[in-house]
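# Survey of secondary and tertiary structure
Single-letter residue listing:
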Amino acid sequence: MLDIKFIRENADIVKKACKDKNVTADVDELLKADEERRGLQTKLEELNRARNEAAKAKDIEKGKALKGESAALEAALAACDGIIAPLMMKIPNVPSSDTPVGPDESGNVVIRMVGTPPTFDFKIRDHVELGELHGIIDNEMGSKVAGARFTYLKGDLVLLQQAIISYVTSILTDRGALEAIISEAGLEGVPATPFVPVVPPLMIKPDVYQRMARLEPREERYHIPSDDVYLIGSAEHTLGPIHMEQTLKENDMPLRYFAATPAFRREAGSYGKDTKGILRMHQFDKIEMESFSLPEQSLSEQDLFVALQEHFLRSFKIPYQVVQVCTGDMGGPDARQIDIESWMPGQMKYRETHTSDLMTDYQTRRLGTRVRLNAGGNVFAHTNDATAIALGRLLIALMENHQRADGSIAIPEVLWPFMLGRTVIGAPKSTEAAA
């Protein structure tokens, strides 16, 4: 959430942020309750001073009377807090100055395009056909066992997914590899601090989810009522609270983490949308990156995350475009959001495979994650989270971009060391299948 002092002093900016992000939040009501609370707080402080003076003078009767007044003020303060807290939770983060203003995804802006979509001199197959051809995707059985939008990945496709995880791990944990990527991206001054691999919880308590500002839209989440916990929709949801209510050291900044986990989303409201294949599933796998930094580092941290995403896609020889997300399409906690869309020949379009979110101190203010400065005093840490790899969607892009006329799928060379000697997935089961 935002600092109430910032809201007080920048009401017009905050109201514009609400309008531009299509968020309904009553800033005026919040400021009215805040003003009332500050008045009550002043009266309570004056009353407490009077109580101390009465105690020193041993004026018992006056002390009792003042104690009663104090209790009434404290109750009024609590009532104000009950009004302020939910109003504060609804206020979104203020978009960065370079974020385009737009109503929805139509206002997103393509920053750059990298690579050229491949041309094929044969009739291409989409990933669904390729998956069936090689017996490596089984949506039919997944649906029978678990319902729609569940699948089985099998054989070489699982090896490919594990190879991607191993390759990404080898980059994120290697200082030398990070230094090379930082240099290539022109991010001089950004530290090459390696990422710490984490296996985080796949479940999260509702109050922590709220503090992460990621519980809503609640209808997207899988809730387990018996234990009152939610399945995470992304590893960021439990990576973000890893330093909840802790004070970090300035010299340790930035702290970077990554996790490869399943993610769970109900995909409410997407009935009939992207039902073929593995593009939009209820359960899918992701590698997620998270960082905690000083305020002055956070923008360059996001730039690094985007550079890493681009490095991975270039390594896999996947054409892509980098998109700056507009106000109406970005998340409430986000100050700046950059997406990457990869080319998918089976659909003849770019589809989102990566996102990168700069939250400034919006989450850490809720979570109580601070940094103790060397010069004295504390500040709230800034956070970034980003997709290193959305594994299901990347598998689609790899299969479709690297397919051959005979139905086989070439494996990018950077993944060969992790593929148990394989450099290609499959061959057609019959000449007829390849035709």
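Residues numbered from 1 in each chain as written. Predicted model: local features only at pLDDT ≥ 70, side-chain atom pairs only at ≥ 80, totals over all residues. Heavy atoms only, no water.

## A word on the overall build of the protein chain
- When you go through the protein chain residue by residue, the secondary structure sums to 14 helices and 18 strands.
- With the principal axes as the frame, the protein chain shows a C-alpha extent of 100 × 50 × 35 Å.
- By the burial criterion, 50% of the 435 residues in the protein chain qualify as buried.
- Roughly 20500 Å² of accessible area belongs to the protein chain as shown, and the carbon and sulfur atoms make up 52% of that amount.
- Put simply, the protein chain has 51 plus and 63 minus side-chain charges, and the middle of one group is 3 Å from the middle of the other. (Helix = DSSP H or I, 4+ residues; strand = E, 2+ residues; numbered from the N terminus. Buried < 20%, exposed > 50% of the residue type's maximum accessible area, 1.4 Å probe, protein only. Areas by Shrake-Rupley, 256 points an atom, 1.4 Å probe, with all protein chains shown as cover. Lys, Arg positive; Asp, Glu negative; His and termini not counted. Charge placed at Lys NZ, Arg CZ, Asp CG, Glu CD.)

## Quick word on a nonpolar patch on the surface
- A surface patch of nonpolar side chains, about 270 Å² in accessible area, is lined by Met141, Val145 and Tyr152.
- Residue position: Val145 is located in helix α6 (residues 139-146).
- Given a relative accessible area of 56%, Val145 falls into the exposed group. (Patch = residues over 30% accessible without salt bridge, like charges linked within 9 Å, V, L, I, M, F, W, Y side chains within 5 Å. Salt bridge = Lys/Arg side-chain N within 4 Å of Asp/Glu carboxyl O.)

## Description of the sheet that holds strand β5 (residues 203-204)
- Read across the sheet, three strands follow the order β5-β7-β6 without closing on themselves; strand pairing throughout is antiparallel. In this open sheet, the two edge strands, each paired with only one partner strand, are β5 and β6 (222-224).
- Note that β5 and strand β7 (residues 229-231) share two bridges and pair antiparallel. What sits directly across from Ile204, in β7, is Tyr230. (Pairing = 2+ DSSP bridges.)

## A few points about helix α3 (residues 27-56)
- Between its terminal C-alpha atoms α3 stretches 43 Å, which fits the 44 Å expected from 30 residues at 1.5 Å a residue.
- Where α3 is concerned, the buried positions are Val27, Leu30, Leu31, Ala33, Asp34, Leu40, Leu44, Leu47 and Ala54.
- Packed against the buried residues of α3 are α1 (4-9), α2 (11-20) and α4 (60-90).
- Regarding α3, its N-cap is Asp26, as a side-chain oxygen of that residue lies 3.4 Å from the backbone nitrogen of Asp28 further along.
- Positioned one or two residues after α3, Lys58 has a phi angle of 55°, which is positive. (Expected span 1.5 Å × (residues − 1). Contact = heavy atoms within 4.5 Å. Polar contact = N/O pair within 3.5 Å; in protein donor to acceptor, adjacent residues only side chain to side chain.)

## Focus on the confidence of the model for the protein chain
- Averaged over every residue, the pLDDT of the protein chain is 95; residues scoring 70 or more account for 97%.
- Across residues 429-435 the pLDDT falls below 50, and counting only partners more than four positions away or on other chains, this stretch makes eleven contacts in the model. (pLDDT = per-residue confidence, 0-100.)

## Description of the sheet that holds strand β14 (residues 370-372)
- Ordered by their spatial adjacency, three strands build an open sheet running β8-β14-β15, and the pairing between neighbours is mixed. Bordering the open sheet on either side are β8 (247-249) and β15 (378-380), each of which pairs with just one other strand. Ignoring which end each strand starts from, the neighbouring axes of this sheet average 35° apart. (Axes fitted to C-alpha atoms, helices over the stretch in contact; angles between N-to-C directions.)

## Comments concerning the packing of helix α7 (residues 155-172) against helix α13 (residues 391-401)
- α13 packs onto α7 with a crossing angle of 110° between their chain directions and a minimal axis gap of 11 Å. Judged by the inter-axis angle, α7 sits roughly perpendicular to α13. Crossing handedness for the pair α7 and α13: right-handed. Listed contacts from α13 to Leu157, Leu160, Gln161, Ile164 and Ile165 of α7 are Leu391, Leu394, Leu395, Leu398 and Met399.
- A breakdown of the residues in the contact of α7 with α13 according to their chemical character gives nine nonpolar, one polar and no charged. (Parallel < 35°, antiparallel > 145°, perpendicular 65-115°, else oblique. Left-handed = near helix turned anticlockwise from the far one by under 90°. Nonpolar A, V, L, I, M, F, W, Y, C, P; charged D, E, K, R; others polar.)

## Notes on the pairing of strand β11 (residues 320-324)
- Within β11, five of the five residues are buried, which leaves it mostly tucked inside the rest of the structure.
- One ladder, built from five bridges, connects strand β1 (residues 109-114) with β11; its direction is antiparallel. Paired with Val114 across the strands is Tyr320, a residue of β11.
- Examined bridge by bridge, β11 and strand β12 (residues 336-344) share five bridges and lie antiparallel to one another. In the strand pairing of β12, Gln321 is matched with Glu341.

## Some points on the pattern of salt bridges
- A full pass over the atoms with the stated rule returns 23 salt bridges.
- Across the pair Arg422 and Asp156 runs a salt bridge whose closest N-O atoms are separated by 2.9 Å. In this pair, Arg422 sits in the loop between β17 (409-410) and β18 (424-425) while Asp156 sits in helix α7, placing the two residues 266 residues apart along the sequence.
- When its relative accessible area of 32% is taken as the criterion, Arg422 is described as partly exposed.
- The salt bridge involving Asp334 is made with Arg214; its shortest N-O contact spans 3.3 Å.

## Regarding the pairing of β12
- Burial of β12 is extensive: nine of the nine residues sit out of reach of the surface.
- Neither face of β12 is exposed, since Arg336, Ile338, Ile340, Ser342 and Met344 on one face and Gln337, Asp339, Glu341 and Trp343 on the opposite face are all buried.
- Bridging between β12 and strand β13 (residues 349-360) involves nine bridges; their strand directions are antiparallel. Paired with Glu341 across the bridge in β13 is Glu352.
- Between β12 and β13, which pair antiparallel one after the other, the connecting turn spans four residues, and Met348 there sits at a positive phi close to 55°.

## With respect to the layout of surface pockets
- Considered as a void within the structure, the second largest pocket measures approximately 290 Å³ in volume.
- Looking at the second largest pocket, it is lined by 14 residues, and the ones nearest its centre are Thr151, Leu153, Gln283, Phe284 and Asp285.
- Elements represented by at least two residues in the lining of the second largest pocket include exactly α6, β3 (152-153) and β10 (283-293).
- Residue classes in the lining of the second largest pocket are distributed as eight nonpolar, five polar and one charged. (1 Å grid on protein atoms, 1.4 Å probe; cavity = no way out; pocket = protein on both sides within 12 Å on 5 of 7 lines; lining within 4 Å. Points joined across faces, edges and corners; volume = space filled by probe spheres on them.)

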